[in-house]
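Single-letter residue listing:
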Amino acid sequence: MTDAAVKQVTFHVRRFEPGVDRAPHWESHAIPLTPGMTVLDGLWKLKELSAPSLAWRSSCRMGICGSCGMLINGRPRLACNTQISELGTDVVAVAPLPNFAIIKDLVPDLRPMFETHRELMPYLIRDDVAEQDDPTLEYWQSPHELEHYLQFSYCIKCGCCMAACPTVATDPQYAGPMPLGQAQRYNTDSRDGGFAERKEVLSGGSGPWRCHFAGECSQVCPKGVDPAKAIQLMKRELVSDLLRMRKRRDPAPVVQPPKGPRREEIPAAPPRTAGEA
Amino acid sequence: MASRAHPNRLGIKGWVAGGRWGFARYMYTLHRLTGLGLLAYFVMHIFVTSTRAIGPESWEQAMEIVSGPLFAFGEYLVFAAFVFHALNGIRLGAIELGFAVGVPIEPVYPYETSVGRTQRLAKAVLMIAFVVAVWGGLDFFIWK
Amino acid sequence: MRDRTLWTWHIGAGLVILVLLGLHMTIMHLNATLGLVGVGSDEPIAWENVAARAGSIFFTVTYVLLLGAALFHGFYGFRNILMELSPGRTLRTIINVGLSLVGVALFVFGTWAALAAPGAASMGG
């Protein structure tokens, strides 16, 4: 970058070296702030200038991959999505996401979250396994049905919601906002028929009953997924199912693509990459 | 392989550290505290009022014990806690049964969340609770 | 019982409490306010008024209903808080059994008190 430094900012970084440090400790460094610098850019600058062994996770630097969730000035955020200037202070405190064990420096151990995510079956569950493995036609879904879950499907699994949740702070058995939000995403997908299976897990003590709408997950979500909304809607579904008031719906059928004259400017589908040709 | 990772769960601190975060967290904390207070009072209340089963004398005796100004103030606190817990309970019922949080929307920046959506509900709860608590205070201490 | 069922009862009990405890609070504590509109009594906790309520079927039934609903609602809420402290397996069982026993004991005791009061509208007198 050729941009001249605007001013100096101080980075407080929480560091932990496994096998060497007994507990994490804070370290302070000053770096020159250039226009448009994100917290992630700042960390790179810091690594370049004064802390070569500093470790963190990041990849896309554009809020897509969900690697760089960190506790920035007391709030879980994506480092790449946070301008230093938007913090409104010359002091940036960066710590690893709380509620996850620290592997090294700013690297949290997200595995427990992904294990729970998997336990809640975040995929389409249907009887027609053959069709799923080797699709011949399409599952029918209207744009309106898509809207029922589209918001929740924007989740990038960065773990910010888990770091902000007061229940996750004490209860490792609680599934947490991310896995619950994703379970709801598949429960409301019109192509899915797995509600009965997921219900078995969700009705227990790790399910949405541990949520009391402190609302933190939705406040910190960098993608606007609103996990709190998903969890409350999930409770509604589960309770109305218990009271036998839930509308039964069968998973969307397999349909032929619409017939009729085809507009000429639409390009043909690319060749298949999976299954038999 | 034993994990050399350092545990970093916030623990109870994570329940109350509302600090720079949203109002819904304060409502959550207050709901919890008033709930615990009300439960403690309720258990005591069962024992105090059950003296009526023995007869008028023991009832009057029990009422004598709980009639001081300290108890009157404590009772008023219980009343205020009940008012908040009840009104916030209505709010939570509407939210947790999925009536007040709205339907899924397209997340377009700046994001609108269910927390922001229900903020007016929370403000209404706090305002009505305040009015009723003040009214109750007049009733408890002034008009009596 | 699973948490979904318990939680649903928790909400239902909350609704019952909302109505009955609202009534209870108004009669017992907002008596000056009730006096403004000319109902209620000046001394709701004076013995003759207590005895009069104990003699009424309506008050006896609502007392027992309120007792049960409030105990369940309160103890389930308390259990929620304890469970979120992540107790071990044995401690979980102790909490579940302990809270259930205390709750049932308090319910039996309170029901006895409501029915045994002099002049109470109980089945046995």
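Residues numbered from 1 in each chain as written. Chains lettered and ligands numbered in written order. Predicted model: local features only at pLDDT ≥ 70, side-chain atom pairs only at ≥ 80, totals over all residues. Heavy atoms only, no water.

A. How the structure looks around the layout of surface pockets. Residues and elements named next belong to chain A. In this structure, the second largest pocket encloses a volume near 600 Å³. Lining the second largest pocket we find 18 residues, and of these His-148, Gln-184, Thr-188, Glu-237 and Arg-246 sit closest to its centre. Those elements that place two or more of their residues in the lining of the second largest pocket are α4 (143–150), α7 (177–187) and α10 (227–242). With four residues, the top contributor of residues to the lining of the second largest pocket is α10. Its residues assigned to classes, the lining of the second largest pocket shows four nonpolar, eight polar and six charged. (1 Å grid on protein atoms, 1.4 Å probe; cavity = no way out; pocket = protein on both sides within 12 Å on 5 of 7 lines; lining within 4 Å. Points joined across faces, edges and corners; volume = space filled by probe spheres on them. Helix = DSSP H or I, 4+ residues; strand = E, 2+ residues; numbered from the N terminus. Nonpolar A, V, L, I, M, F, W, Y, C, P; charged D, E, K, R; others polar.)

B. Layout of the pairing of strand β3 (residues 69–72) of chain A. Residues and elements named next belong to chain A. Residues Gly-69 and Leu-71 point to one face of β3 and Met-70 and Ile-72 to the other, with burial holding for every one of them. As judged from the four bridges shared by β3 and strand β4 (residues 75–78), these two strands associate in the antiparallel manner. Bridging across to β4, Met-70 finds its partner in Arg-77. Hairpin connection, β3 to β4: the antiparallel pair is bridged by two residues, and Asn-73 has positive phi, about 45 degrees. (Buried < 20%, exposed > 50% of the residue type's maximum accessible area, 1.4 Å probe, protein only. Pairing = 2+ DSSP bridges.)

C. Looking closely at the interface of chain A and chain C. With 20 residues of chain A at the contact, the number on the chain C side is 14 residues. Summing the contributions of chain A and of chain C, the shared interface buries around 1,500 Å²; its carbon and sulfur component is 51%. Three residues, Trp209(A), Arg210(A) and Leu242(A), lead the burial of chain A against chain C; their summed loss comes to 38% of the area buried on that side. In this structure, the connection of chain A to chain C is made through four salt bridges. Counting across the interface, chain A meets chain C through 10 residue pairs in polar contact (both at pLDDT 80 or more). The set of elements that each furnish at least two residues to the side of chain A that touches chain C consists of α6 (166–170), α8 (195–202) and α10 of chain A. Among the elements that make up the side of chain A that touches chain C, the one with the highest residue count is α10(A) (five residues). Classifying every residue of the side of chain A that touches chain C by side-chain character gives seven nonpolar, seven polar and six charged. (Contact = heavy atoms within 4.5 Å. Buried area = accessible area lost by both parts, 1.4 Å probe. Salt bridge = Lys/Arg side-chain N within 4 Å of Asp/Glu carboxyl O. Polar contact = N/O pair within 3.5 Å; in protein donor to acceptor, adjacent residues only side chain to side chain.)

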